[in-house]
Amino acid sequence: MNATRRDLLTATTGLIAASAVANIITDVPTAKAQGVHIRRDVATMTATDDTIVAYKDAITKMHSMWPDTDKRSWEGQAHIHQDYCPHSNWFFLPWHRAYLYYFEQLIRELSGYEEFALPYWNWTTDTQIPPTFWGADNPLDPAKWDDPDPNIGSGPTRLATQMTTMPATAVAQSVIDDILSETDFQQFGSYKASSQRPVTAPFGSSGELEQTPHNAVHGEIGGHMGFFLSPLDPIFWMHHGNIDRLWAKWNSLGNANSDDPDWLNYNFDDNFVDPAGSLQSKTVAETLDTEQLGYIYDNVGTTPAGLVASKPPSALIAQATAKFSAANIIDTEVNSVTTLPVTVSATPAIPADIKTLDRNLLTAGGRRVLAILSDITPPVDDIDIRVRVFINCSYLTPQTSTNDPHYVTTLAFFVSRHQMGGESMIRKIAFSVDLTETLTRLNRLNLNPAGVIDVQLVSVVTEGRNPDDAAFRVGNVEIVYA
Ligand code: C2O
């Protein structure tokens, strides 16, 4: 940690609250003098920006290293993701941070552009794939390369067009603000699992950053981006730059990561490759400080010292098992609604403070109500649908607005199955949904007099898709009061 630079940032940014203001850190020469690279918004870069030029150059060189087994080739990098990337669990954020860290070094080395820092794509402010990433002969457009990907066969390398906007239910400012207001690391950044791809309990669950914007953007783009070889699309790296930025931002707002040694000491053993071609490892603890990794974001303040990890939710007040299948309904191409028959009896009743306090007061005290949807059999065509979650809505239809007071959130699937070489292996996935805000709103509006919770799901087909099989099943729903 460099005291001088940190002091400068503190002086520039003032208090933590100021980090909500965009583009605080503009002093590039100082950062450079400290050996720290500044990751910037790709929307500020034209096609002739040095960073974009360097990125194109490196991608072209990486394709010339292909095909071979060199992990530094374009294919090799994507295979690292396919072989190791953790999803739907708490290794999601640190693993992808380390993956980006080595990729950024590789681009710097191959392009010879020493100032290269990986740009991020802020899909909240720029909802379409940046114009610099399109064009038949553009190295940033996967159509130029048409890299072999058994997942998509001869299909298009992106299902999204230049006009496609990322879904507001996943990327709108209000959605992101809501995610950033989570105080518990696991609900924010996904839940405890025994390993990167667990085969024994705990199996983990995705948290809000992963299950909403992360997954939805993958699915909305489609093509390579819908599968484990998604890094074949150059936009993958900018998408994850933004996910990584939001994690850094969440910390800068005063939220602590988990202090569980099972997480901190976990080693991503030989998962990565450095510019010399040597395999590299990182522990989770080694990923937590971006300055130590040599980069910061242009609009994220520094993380305050001495954060104390919040207590993960643990008190199970009720559990119900439910089956949900959207089969036959999706085939009609009409969006469907299915109510999970999850009725949590009023014993024990929803605690009084949940009924009366607002969400900010509740989360300040760490009080929350979560619905954990697990034992999920995902749909085959997982990226073709999104799932809206409501609670206790007596008049719910597929047309019910996401502005309705009973609305909770929208979930998306991502690589629910390994679909390599015709094989289809279901992954263990779970979603963890924070009901607190909706529940307190309903109670304030006197819409939940019975004090019970019915979890309701609406399956919505992504615009322009025609899924053959979008049926899925939720095996278990738990309501957790923390
Ligand atoms: Cu491991 Cu967004 O992918």
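Refer to the structure above for everything that follows.
So, here's what we can say about the structure. (Residues numbered from 1 in each chain as written. Predicted model: local features only at pLDDT ≥ 70, side-chain atom pairs only at ≥ 80, totals over all residues. Heavy atoms only, no water.)

## Overview of the packing of helix α8 (residues 173-180) against helix α10 (residues 208-221)
For the pair α8 and α10, interaxial distance at closest approach is 10 Å and the crossing angle is 160 degrees. One element, α8, and the other, α10, form an angle in the roughly antiparallel class. Of the two elements, α8 crosses α10, and the hand of that crossing is left-handed. Listed contacts from α10 to V175, I176, D178 and I179 of α8 are E208, L209, T212 and P213. Here the contact of α8 with α10 is built from residues that sort into five nonpolar, one polar and two charged. (Axes fitted to C-alpha atoms, helices over the stretch in contact; angles between N-to-C directions. Helix = DSSP H or I, 4+ residues; strand = E, 2+ residues; numbered from the N terminus. Parallel < 35°, antiparallel > 145°, perpendicular 65-115°, else oblique. Left-handed = near helix turned anticlockwise from the far one by under 90°. Contact = heavy atoms within 4.5 Å. Nonpolar A, V, L, I, M, F, W, Y, C, P; charged D, E, K, R; others polar.)

## Quick word on the pattern of salt bridges
According to the stated counting rule, one finds 13 salt bridges in the structure shown. Here E104 and R39 are joined by a salt bridge, their closest N and O atoms 2.9 Å apart. Taken together, the residues span a long stretch of sequence, with E104 in helix α5 (residues 92-111) and R39 in strand β1 (residues 37-39) at a distance of 65 residues. For the residue pair E104 and R39, the accessibility class agrees, reading buried in each case. (Salt bridge = Lys/Arg side-chain N within 4 Å of Asp/Glu carboxyl O. Buried < 20%, exposed > 50% of the residue type's maximum accessible area, 1.4 Å probe, protein only.)

## Quick notes on the environment of D147
Looking at where D147 falls in the secondary structure, it is placed in the loop between α6 (142-145) and α7 (168-171). When its relative accessible area of 6% is taken as the criterion, D147 is described as buried. Residues D147 and W74, spaced 73 residues apart in sequence, show a C-alpha to C-alpha distance of 9.2 Å. Within polar-contact distance, the side chain of D147 engages the side chain of W74 at 3.5 Å. (Polar contact = N/O pair within 3.5 Å; in protein donor to acceptor, adjacent residues only side chain to side chain.)

## Comments concerning the packing of aromatic side chains
All told, the structure shown has 26 aromatic pairs when counted by the stated rule. Considering the side-chain rings of F185 and W247, the 6.4 Å spacing of their centres and the 45 degrees angle between planes classify their relative orientation as tilted. Here the residue F185 occupies a position in helix α9 (residues 185-189), and W247 occupies one in helix α11 (residues 235-252), the gap between them amounting to 62 residues. Residue classification places W247 among the buried positions, given a relative accessible area of 0%. (Phe/Tyr/Trp six-rings, centres within 6.5 Å; stacked < 30°, edge-to-face > 60°.)

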